[in-house]
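Below, each chain spelled out in residue letters.
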Amino acid sequence: MPRIFSGIQPSGELHIGNYLGAVRNWVGLQHEFESFICIVNYHAITQPFEPVDLMRRTHEMAVSLLAAGIDPGVATLFVQSHVPEHTELAWLLNTITPLGELERQTQFKDKASRQESVPAGLLNYPVLQAADILLYHADIVPVGEDQIQHLELSREIARRWNARFAEGYFPEPQPKLTPTRRIMGLDGNAKMSKSLGNTVALLEPTAAIWEKLRPAMTDPARVRKTDPGNPDVCNIYQLHKAFSPEATQVHVAAQCRSAGWGCIECKRVLADSMEVELVPIRARAVELAAHPQRVTDALGDGASRARSVARTTIDEVRERMGIA
Ligand code: TRP
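Treat the numbers as computed from the prediction; the structure is a model and nothing was measured.

### Structural notes on the site of the ligand
- Around the ligand lies a shell formed by Phe5, Ser6, Gly7, Val40, His43, Tyr125, Gln129, Asp132, Ile133, Val141, Val143 and Gln147.
- The contact in question runs from a nitrogen atom of the ligand to an N or O atom on the side chain of Tyr125, over 2.7 Å.
- Contacts to the ligand include Gln147, whose side-chain N or O atom sits 3.1 Å from a nitrogen atom.
- Relative to its unbound accessible area of 370 Å², the ligand is 88% covered by the protein chains.
- Where the shell around the ligand is concerned, the elements lending two or more residues are β1 (3-8), α7 (120-135) and β4 (140-143).
- At four residues, α7 tops the list of elements feeding residues into the shell around the ligand.
- Split into classes, the residues belonging to the shell around the ligand amount to six nonpolar, five polar and one charged.

Here it is, written out as C-alpha cells:
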C-alpha cells in the first residue's frame, strides 16, 4: 500500500473550509493508503501563540479529526511533538537546504512581510515540513494548492540528500490535490479563514449555521429575487457542490438561472444537505467530549506507531551522515 502523509496546524476546531479542503479527502483516502495524519504543533509556534491555547487547540483538533471520520484503527493520527524525530530530521535537513530556496517561498515572504521581527523558525518552516514527510518515506501528500511550493521544496531536499548520502533513499513525495476547490468565506470576499471571521465551524449547531447562511453573500449581481443568478460565481452554490447530491446541484443551478427560486430557498436546501453530512460528525464529537481519554489514547497509540517508523529512518539517516 502506498503511503500518504499530511499535516494540519492545531487551529482548534475545524471549519468547513478546512474540512472540505483537506480533512474529508483524508477520510476517504485512509482506506486506500497507509495514512499518517499529523497535528503539527511545532509548525504552529512559528507564529504568535499562547501556550495554554495551543494545548487546548491541539486537543480540539484531534477531536475534530476523529469526529470528521479519521479512524485511529486505520490511520495513524498523532501529534508532531510526540515524535521528537521530526525536529531531529529537520535539523539534519537544514544543513543541506540552500537559504535562497527558503527565502523564495511565497508563504514565508507573505508572513514575514506582515511582522517586524521575523523568527528563524518561520524561514525554516518548510524544512520541518519536508522532515515530516520524509521521515515516513511518504509517496503522496494530500494537500491544497497553497502547499504546492512547499512540496516542491520537499522533493528538492529529498533529491539533495539522496545525491549526497544515499542514492534512492528518500522517495520524492508527490502532492495529491484536494478535489474541492478552495472554499470562500460566507462574506464572499476571501478564502474561508478563522482569522477573517467568515467561517462555519464543523461542529456548529444547526441553528447557528442557519444564522450564518441566511445573510451570506450569493451572486453579487443578483439584487432582486426576480433577477436571474449565476451559480458559477455564487458562494452558496460552491457549498452545494461540496455538500449536495448531484441531482440537487443541477436542480438548484437551474432554479437560480431562471430566477425560479430566491437565494433563501436555495440556502434552505443547502442547510439540509449540510445536516445530512454534519449531524453524524457532531454526534461523534459530543461522544468524544464526554470521553477525553479516548482522544488521548488514540493519540498515544498513533505516536507509538509513528515513532517506530520514524526511529528507523533517523537511525539510517544518521548512519549515512556519519553521525553516531
Ligand atoms: N504547512 C501545512 C499547512 O499549513 C501543514 C503541514 C505541516 C503539512 N507539515 C506537513 C502538510 C506535511 C502536508 C505534509 O497546511
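Still more ground to cover, so stick around.
### A word on the pattern of salt bridges
- Taken as a whole and assessed by the stated rule, the structure comprises 21 salt bridges.
- A salt bridge links Glu34 to Arg3; the nearest nitrogen and oxygen atoms lie 3.1 Å apart. Note that Glu34 is positioned in strand β2 (residues 34-39) and Arg3 in strand β1, a separation of 31 residues in sequence.
- Among the residues examined, Glu34 registers a relative accessible area of 32% and is labelled partly exposed.
- Residue Glu172 is joined to Arg159 by a salt bridge in which the shortest nitrogen-to-oxygen separation is 2.8 Å. Taken together, the residues Glu172 in the loop between α8 (148-165) and β5 (174-177) and Arg159 in helix α8 connect sequence positions 13 residues apart.

### Some points on empty space enclosed by the protein
- Counted under the stated rule, the structure contains two cavities of 30 Å³ or more.
- For the largest cavity, the calculated volume is near 100 Å³.
- Along the wall of the largest cavity there are 15 residues; nearest its centre are Arg222, Cys234, Cys256, Cys263 and Cys266.
- Across the lining of the largest cavity, the residue classes break down as nine nonpolar, three polar and three charged.
- If you go around the second largest cavity, the residues you meet are Gln105, Gln107, Phe108, Lys111, Leu122, Tyr125, Pro126 and His150.
- Looking at the lining of the second largest cavity residue by residue, the classes come out as four nonpolar, three polar and one charged.

### Description of the packing of aromatic side chains
- What the rule picks out here adds up to eight aromatic pairs.
- The interplanar angle of 40° and the centroid separation of 5.3 Å between the aromatic rings of Trp161 and Phe165 together place this pair among those described as tilted. Here Phe165 and Trp161 lie together in helix α8, a separation of four residues that amounts to about one turn.
- Under the relative-accessibility criterion, Trp161 is labelled buried at 0%.
- Site record: aromatic cluster; members linked through ring pairs are Phe5, Phe36, Phe78 and Tyr136.
- Over the face of the ring belonging to Phe243 we find Arg24, whose NZ or CZ atom lies 5.9 Å from the ring centre.
- Lys111 extends its terminal NZ or CZ atom over the ring of Tyr125, reaching a point 4.7 Å from the ring centre.

### Examining the layout of surface pockets
- Estimates place the volume of the second largest pocket at around 360 Å³.
- Lining of the second largest pocket is provided by 21 residues; of these, Arg181, Arg182, Met184, Cys234 and Gln238 occupy positions nearest its centre.
- Its residues assigned to classes, the lining of the second largest pocket shows 10 nonpolar, five polar and six charged.
- Formed jointly, the lining of the second largest pocket draws a minimum of three residues from each of two domains, domain 1 (3-183 + 292-321) and domain 2 (204-285).

### Some remarks on the domain arrangement of the protein chain
- Each assigned domain of the protein chain is listed here: domain 1 (3-183 + 292-321) and domain 2 (204-285).
- Computed from C-alpha coordinates alone, the two centres of domain 1 and domain 2 are separated by 33 Å.
- Between domain 1 and domain 2, the contact holds 12 residues from the first and 10 residues from the second.
- Carbon and sulfur atoms make up 61% of the area that domain 1 and domain 2 hide from each other, which totals about 860 Å².
- Summed over the shared surface of domain 1 and domain 2, the result is one salt bridge.
- If you look at where domain 1 meets domain 2, you find four residue pairs in polar contact (both at pLDDT 80 or more).
- Elements represented by at least two residues in the side of domain 1 that touches domain 2 include exactly α1 (16-29) and α3 (51-68).

### Some thoughts on a nonpolar patch on the surface
- The grouping of Tyr42, Ile45 and Phe49 at the surface amounts to a nonpolar patch, some 240 Å² of accessible area in total.
- Tracing the sequence through the fold places Phe49 in the loop between α2 (41-44) and α3.

### Some remarks on the nonpolar core
- Core analysis: the largest hydrophobic core is formed by 51 residues, its most contacted members being Val23, Leu65, Leu213 and Phe243.
- The biggest single contributor to this core is helix α12 (residues 263-290), with eight residues.
- Setting aside residues up to four positions removed in sequence, Phe243 forms contacts with Ile16, Tyr19, Leu20, Leu270, Ser273, Met274, Glu277 and Leu278.
- Counting residues in each nonpolar core, the second largest holds 42 residues, with Val83, Leu122, Ile157 and Tyr169 among its members.

Conventions we followed
- Residues numbered from 1 in each chain as written.
- Predicted model: local features only at pLDDT ≥ 70, side-chain atom pairs only at ≥ 80, totals over all residues.
- Heavy atoms only, no water.
- Near = heavy atom within 4 Å.
- Polar contact = N/O pair within 3.5 Å; in protein donor to acceptor, adjacent residues only side chain to side chain.
- Areas by Shrake-Rupley, 256 points an atom, 1.4 Å probe, with all protein chains shown as cover.
- Helix = DSSP H or I, 4+ residues; strand = E, 2+ residues; numbered from the N terminus.
- Nonpolar A, V, L, I, M, F, W, Y, C, P; charged D, E, K, R; others polar.
- Salt bridge = Lys/Arg side-chain N within 4 Å of Asp/Glu carboxyl O.
- Buried < 20%, exposed > 50% of the residue type's maximum accessible area, 1.4 Å probe, protein only.
- 1 Å grid on protein atoms, 1.4 Å probe; cavity = no way out; pocket = protein on both sides within 12 Å on 5 of 7 lines; lining within 4 Å.
- Points joined across faces, edges and corners; volume = space filled by probe spheres on them.
- Phe/Tyr/Trp six-rings, centres within 6.5 Å; stacked < 30°, edge-to-face > 60°.
- Lys NZ or Arg CZ within 6 Å of the ring centre and 35° of its normal.
- Domains from an automatic or database assignment.
- Contact = heavy atoms within 4.5 Å.
- Buried area = accessible area lost by both parts, 1.4 Å probe.
- Patch = residues over 30% accessible without salt bridge, like charges linked within 9 Å, V, L, I, M, F, W, Y side chains within 5 Å.
- Core = buried A, V, L, I, M, F, W, Y, C linked by side-chain atoms within 4.5 Å.

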